[in-house]
Amino acid sequence: MSETKIKLPVKKIVLLAVAAALALIYILQLCFTGKSKVEILKLDSTPDKIVIENSNGTVELTYKDSAWYVGQKMYSADAAKTKNLVSGIKEIKLLGTVAKNAAGTMDRYGLEDGSAIKVTAYKDSTVLRTLNIGKSSAGGEQSYVTVDSKNSVALAGGGLNSLFNTSTESIRSSTIWDGDSITAVKVVKGEENFSLKKNGSMWEIAENNATAARTLLDQEKVHDWTEGMLTLKASSWAEDDMTIPEEIPFATIFVTVDGREHVVTIYNDADENRKLCSCNTLPFMFYITKYTSERFVKNLADLMS
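Small disclaimer: the values here were computed from a predicted structure and weren't measured.

A. Main features of the overall build of the chain. From N to C terminus, the chain includes seven helices and 20 strands. For the chain, with 305 residues in total, the buried portion stands at 39%. Contacts spanning at least 24 positions in sequence make up 58% of the contacts within the chain whose residues lie at least 6 apart. Surface accessibility of the chain: about 17,900 Å² in total, with carbon and sulfur atoms responsible for 50%.

Below you can see the structure in the form of structure tokens.
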């Protein structure tokens with residue numbers, strides 16, 4: 001009886017071999033980290049400046065006037081993302097040493113110049129910590145690192161490679177405002193021009209016969225509309241050198257949020273799915289979606305009983 005030989009495609013053999021190798025590495029890391037003592041490196045001070053050098057270029061975070069900013073032009077930084085970055089450099093969890101002397105073998109761990117992510121934390125212009133981040137391991141949750149001037153390579157937890165592989169655009173906040181209460185709104189759109197103000201818990205038309213007009217406003221509709229305006233976020237940012245168009249605006253809205261009036265001028269864009277905007281409280285122009293513009297810009301008739 002002749003024997004039947006099963007031939008596997010070369011591509012499948014290669015994939016199986018790679019999978020087996022990764023599985024072996026992962027098992028060895030589990031064994032290794034299980035026997036190694038975990039070390040937590042904590043900074044005594046919180047940085048006021050963080051510089052990240054990666055494949056996206058140089059990202060600079062600066063803490064000023066109780067807020068974080070990103071980039072040379074000091075864009076407002078996303079609070080949640082900045083908090084994670086600060087935590088990532090301030091407290092590092094080392095799972096164990098993989099090479100006591102890595103001289104000449106940095107490329108094995110992705111720590112050679114040009115490949116590694118370099119993070120430097122400062123406090124009052126003094127360097128608090130330098131962190132070099134190499135390849136990821138174990139599904140991206142662990143990374144090979146060197147800390148400060150040490151020549152040893154350690155395995156660190158916390159997904160540092162993914163965390164610090166970021167950019168100025170990614171960290172920049174998209175929030176135009178985020179408030180708790182709105183007390184006045186004005187909408188100007190073509191012949192539509194009306195103002196509402198809040199009087200106690202009731203909304204009323206701010207011009208003409210306000211008392212009589214209050215009975216015509218649907219308080220629930222106005223409440224839902226203004227609640228939806230408590231937060232405004234840009235869908236994307238325009239180029240920094242973008243200038244205000246000469247054309248007549250699509251609409252202008254005046255929204256008093258937490259006592260501060262924001263004036264947003266909205267322009268039509270070549271892309272019908274978005275609108276170009278300027279705001280008196282920001283030096284940069286931005287875009288909002290067509291849906292957001294429709295949600296903010298209402299006719300008075302839409303709010304009546």
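Next comes the rest of the write-up.
B. Main features of empty space enclosed by the protein. Applying the stated criterion across every chain yields a total of one cavity of 30 Å³ or more. In this structure, the largest cavity encloses a volume near 30 Å³. Every residue lining the largest cavity is listed: Leu-232, Ile-253, Val-264, Ile-266, Ile-288, Thr-292 and Phe-296. Those elements that place two or more of their residues in the lining of the largest cavity are β18 (260-268) and α7 (290-296). When its residues are assigned to classes, the lining of the largest cavity shows six nonpolar, one polar and no charged.

C. Inspection of the nonpolar core at higher detail. Counting residues in hydrophobic clusters, the biggest one holds 31 residues, and the most contacted among them are Leu-196, Leu-217, Val-264 and Phe-286. The element best represented in this core is strand β17 (residues 251-257), accounting for four residues. Sequence-distant contacts of Leu-196, defined by excluding residues within four places in its chain, comprise Thr-183, Ala-184, Val-185, Trp-203, Glu-204, Ile-205, Ala-206, Leu-217, Val-222, Trp-225, Leu-300 and Leu-303.

D. Molecular detail of the layout of surface pockets. What the largest pocket holds in volume is close to 390 Å³. Ser-76, Ser-173, Thr-175, Ile-176 and Leu-282 are the residues nearest the centre of the largest pocket, which is lined by 20 residues in total. Residue assignment for the lining of the largest pocket shows that the elements contributing at least two residues are β5 (75-76), β11 (175-178) and β18. Considering each element in turn, the lining of the largest pocket owes the most residues, four residues, to β11. A class-by-class count of the residues in the lining of the largest pocket yields 10 nonpolar, five polar and five charged.

E. Layout of helix α6 (residues 219-227). Every buried residue belonging to α6 is among Val-222, Trp-225 and Thr-226, and all of these are buried. The buried residues of α6 all sit within an arc of 90° when viewed along its axis, so they share a single face. Turning to α6, the residues buried within the fold contact β12 (182-189), β13 (192-199), β14 (202-205) and α7. The backbone nitrogen of Glu-220 lies 3.1 Å from a side-chain oxygen of the residue at the head of α6, namely Asp-218.

F. Broad picture of the sheet that holds strand β9 (residues 142-147). Taking strand neighbours across the sheet as the criterion, the 10 strands line up as β1-β6-β10-β9-β8-β7-β2-β3-β4-β5 in an open arrangement whose pairing is antiparallel. Either end of the sheet is taken by a strand with one partner, and the two such strands are β1 (39-42) and β5. Across the sheet, helix α2 (residues 79-90) lies against β1, β2 (49-54), β3 (57-64), β4 (67-70), β6 (91-99), β7 (117-123) and β8 (126-137), angled at about 45° from β6, the strand it touches most.

G. Structural detail: the pairing of β3. Both β2 and β3 contribute to a ladder of six bridges, which runs antiparallel. Each bridged residue has a counterpart across the sheet, and for Ile-50 the counterpart in β3 is Leu-61. From the end of β2 to the start of β3, which pair antiparallel, there are two residues. Where β3 and β4 come together, four bridges link them in antiparallel fashion. Bridging across to β4, Tyr-63 finds its partner in Trp-68. Where β3 hands over to β4, the hairpin turn is made up of two residues, of which Asp-65 adopts a positive phi near 50°.

H. Inspection of the pairing of β13 at higher detail. Strand direction decides the pairing type here: β12 and β13, joined by six bridges, are antiparallel. Pairing of Val-188 across the sheet is with Asn-193, part of β13. Between the antiparallel neighbours β12 and β13 lie two residues, among them Gly-190 with a positive phi of about 60°. As defined by bridge partners, β13 adjoins β14 across four bridges and the pair is classed as antiparallel. Across the sheet, Leu-196 pairs through a bridge with Ile-205, a residue of β14. Hairpin connection from β13 to β14: two residues lie between these consecutive antiparallel strands, with Gly-200 at a positive phi of about 70°.

What counts as what
- Residues numbered from 1 in each chain as written.
- Predicted model: local features only at pLDDT ≥ 70, side-chain atom pairs only at ≥ 80, totals over all residues.
- Heavy atoms only, no water.
- Helix = DSSP H or I, 4+ residues; strand = E, 2+ residues; numbered from the N terminus.
- Buried < 20%, exposed > 50% of the residue type's maximum accessible area, 1.4 Å probe, protein only.
- Contact = heavy atoms within 4.5 Å.
- Areas by Shrake-Rupley, 256 points an atom, 1.4 Å probe, with all protein chains shown as cover.
- 1 Å grid on protein atoms, 1.4 Å probe; cavity = no way out; pocket = protein on both sides within 12 Å on 5 of 7 lines; lining within 4 Å.
- Points joined across faces, edges and corners; volume = space filled by probe spheres on them.
- Nonpolar A, V, L, I, M, F, W, Y, C, P; charged D, E, K, R; others polar.
- Core = buried A, V, L, I, M, F, W, Y, C linked by side-chain atoms within 4.5 Å.
- Arc of directions from axis to C-beta.
- Polar contact = N/O pair within 3.5 Å; in protein donor to acceptor, adjacent residues only side chain to side chain.
- Pairing = 2+ DSSP bridges.
- Axes fitted to C-alpha atoms, helices over the stretch in contact; angles between N-to-C directions.

Everything listed here is a matter of coordinates, which is why it stays silent on function.
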